[in-house]
Amino acid sequence: NLCSIEKFQLEAELSFDNKIKDNPEKSQNEVNEVSDNSNENAKETPENPSPKDTKNKVSVLNFVNSGTVAVNLKSAGYEGDLGGALDDNTDLVPGVYEGGLKIWECSEDLVKYLHKEYSDKLEGCKVLEVGCGAGLPGVFAFASGASVHFNDYNKEVLEEVTIPNVLLNVQDSPKDLDESKDEEPDSLMAKCKDTSSFPETRYFAGDWEHLNTLLTQDKNVNRYDLILTSETIYNPDNHQKLIQLLKDQLKGSGSGVALIAAKTYYFGVGGSIQDFQRKLEANGFEVETVFKCESGVKREILAAKIK
């Protein structure tokens, strides 16, 4: 089955002027492991980047059209947990389907924020995207050189959307090919085919408590430099699971950062970003609002660190 491919443009001219600066005076309005190609030698973190050549800065993300994914699954007689979404009847069935086929506004906000603030800080970092769905923030981090682990509630979302999106954004050549111009052609071809030249990706299906248990028990998983999540705090009943995951899996002492993108209020379901921020602070996090959108649907991005 064929899926149509779309592009998410991240050119410099894109407006992203609602970033809140540190200086107020400058303010402006269960899928198994797919690959195990670790890159564990990086010495930098998002908080301590080294200067980089930005000529390979990611400006476009490719992603599959979820409408064609739905058509393909329906034509194949699919009858699983995504059934309601395939019939276009619902964006969410709590505890069954958590909206992974749709690209939400806050996910786009988070990609733009990463593009603006983290493009030169991601190479060699270890990143987790929680509740990823299409996974565009994590895909951006992967395309920028980070090792990324993806989590979604539904296995089918990972298989049909997330993994294809990662594959659509594999860079044309490993980062060191430009330094290999004098090598024999056969050697260069072998290097292109050697997936160990690319960052690691892993994929986990299930809820956050289950994910936290898996990651804690896996001795090959170290804590993350960066944890990304968007549109995941709409249900207050799940807040503590998410916060515990962040506490257990994010690097401490301020060296790791969690970026939480969300609507300011989730009318009808009870969640709000202010409520989630209070809970984070009560659990030992330092929290800063780094982005606000005041027009249309109000949205924010929080940056949280363990004290």
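Residues numbered from 1 in each chain as written. Predicted model: local features only at pLDDT ≥ 70, side-chain atom pairs only at ≥ 80, totals over all residues. Heavy atoms only, no water.

### Quick word on the packing of helix 8 (residues 239–249) against helix 9 (residues 273–282)
Axis angle and axis distance: for two packed helices, these are the angle between their axes and the distance between the axes, and together they describe the pair. Contact geometry for helix 8 and helix 9: axes closest at 11 Å, N-to-C directions at 45°. Comparing their axes, helix 9 and helix 8 come out oblique. Crossing handedness for the pair helix 8 and helix 9: right-handed. Contact residues: helix 8 offers His-239, Leu-242, Ile-243 and Leu-246, while helix 9 offers Asp-275, Phe-276, Lys-279 and Leu-280. Tallied by class, residues from the contact of helix 8 with helix 9 come to 5 nonpolar, 1 polar and 2 charged. (Axes fitted to C-alpha atoms, helices over the stretch in contact; angles between N-to-C directions. Helix = DSSP H or I, 4+ residues; strand = E, 2+ residues; numbered from the N terminus. Parallel < 35°, antiparallel > 145°, perpendicular 65-115°, else oblique. Left-handed = near helix turned anticlockwise from the far one by under 90°. Contact = heavy atoms within 4.5 Å. Nonpolar A, V, L, I, M, F, W, Y, C, P; charged D, E, K, R; others polar.)

### So, the pairing of strand 2 (residues 60–64)
For strand 2, a buried count of 4 out of 5 residues is recorded, marking the element as mostly surrounded by other parts of the structure. Note: strand 1 (residues 5–9) against strand 2, 5 bridges, orientation antiparallel. Across the sheet, residue Ile-5 finds its bridge partner in strand 2, namely Val-64. (Buried < 20%, exposed > 50% of the residue type's maximum accessible area, 1.4 Å probe, protein only. Pairing = 2+ DSSP bridges.)

### Side note on unusual backbone geometry
The residue Glu-231 is not glycine, and still its phi comes out positive at about 55°. Within the secondary structure layout, Glu-231 lies in the loop between strand 6 (226–230) and helix 8. At Ser-253, a position not held by glycine, the phi torsion is positive, near 55°.

### Topic: the nonpolar core
In this structure, Leu-61, Leu-226 and Leu-259 are the most contacted members of the largest nonpolar core, which totals 39 residues. Per-element accounting of this core gives the leading share, 6 residues, to helix 4 (residues 136–143). In this structure, Phe-204, Ile-260, Phe-285 and Ala-304 belong to the second largest nonpolar core, which totals 28 residues. (Core = buried A, V, L, I, M, F, W, Y, C linked by side-chain atoms within 4.5 Å.)

### Observations regarding the packing of aromatic side chains
Tallying each qualifying case throughout the model produces 4 aromatic pairs. An angle of 10° between the planes, with centres 5.5 Å apart, marks the rings of Phe-150 and Tyr-203 as stacked. Residue Phe-150 is located in strand 4 (residues 147–152), and its partner Tyr-203 is located in strand 5 (residues 201–205); the two are separated by 53 residues in the primary sequence. Owing to a relative accessible area of 0%, Phe-150 belongs among the buried residues under this scheme. Given a relative accessible area of 2%, Tyr-203 falls into the buried group. Both rings, one in Tyr-265 and one in Phe-267, keep their centres 5.8 Å apart while their planes meet at 35°; by these two values the pair is tilted. (Phe/Tyr/Trp six-rings, centres within 6.5 Å; stacked < 30°, edge-to-face > 60°.)

### A few points about the environment of Asp-225
Structurally, Asp-225 can be placed in the loop between helix 7 (208–217) and strand 6. By relative accessible area, Asp-225 is classed as buried at 3%. Along the sequence, Asp-225 and Val-257 sit 32 residues apart, while their C-alpha atoms lie 6.4 Å from each other.

### A look at the state of the cysteines
A covalent bond between the sulfur atoms of two cysteines is referred to as a disulfide. Going through the model one piece at a time under the given rule, you end up with 0 disulfides. Among the cysteines around Cys-293, which has no disulfide bond, Cys-106 carries the closest sulfur, lying 8.9 Å off. (Disulfide = S-S within 2.5 Å.)

### Details of the sheet that holds strand 6
The sheet built from 7 strands is open, its strands ordered 5-4-3-6-7-9-8 with mixed pairing. Every interior strand has two partners, whereas the edge strands, strand 5 and strand 8 (285–293), have only one. Across the sheet, the axes of successive neighbouring strands diverge by a mean angle of 15°, strand direction being ignored. Examined bridge by bridge, strand 3 (residues 126–130) and strand 4 share 4 bridges and lie parallel to one another. Pairing of Val-127 across the sheet is with Val-148, part of strand 4. Across the sheet, helix 7 touches strand 3, strand 4 and strand 5, and the angle it forms with strand 5 is around 135°. Helix-sheet contacts for helix 8 involve strand 3, strand 6, strand 7 (257–263), strand 8 and strand 9 (299–306), and the interaxial angle to strand 8 is about 115°.

### Topic: the pattern of salt bridges
On inspection of all chains with the given rule, the structure shows 9 salt bridges. The salt bridge partner of Lys-251 is Asp-225, with a shortest N-O separation of 2.7 Å. Within this pair, whereas Lys-251 is found in the loop between helix 8 and strand 7, its partner Asp-225 is found in the loop between helix 7 and strand 6, the two being separated by 26 residues in sequence. For Lys-251, a relative accessible area of 28% translates into the label partly exposed. Linked by salt bridges that have partners in common, Glu-105, Glu-231 and Lys-263 make up one network. (Salt bridge = Lys/Arg side-chain N within 4 Å of Asp/Glu carboxyl O.)

These values are about where atoms sit, not about what they do.
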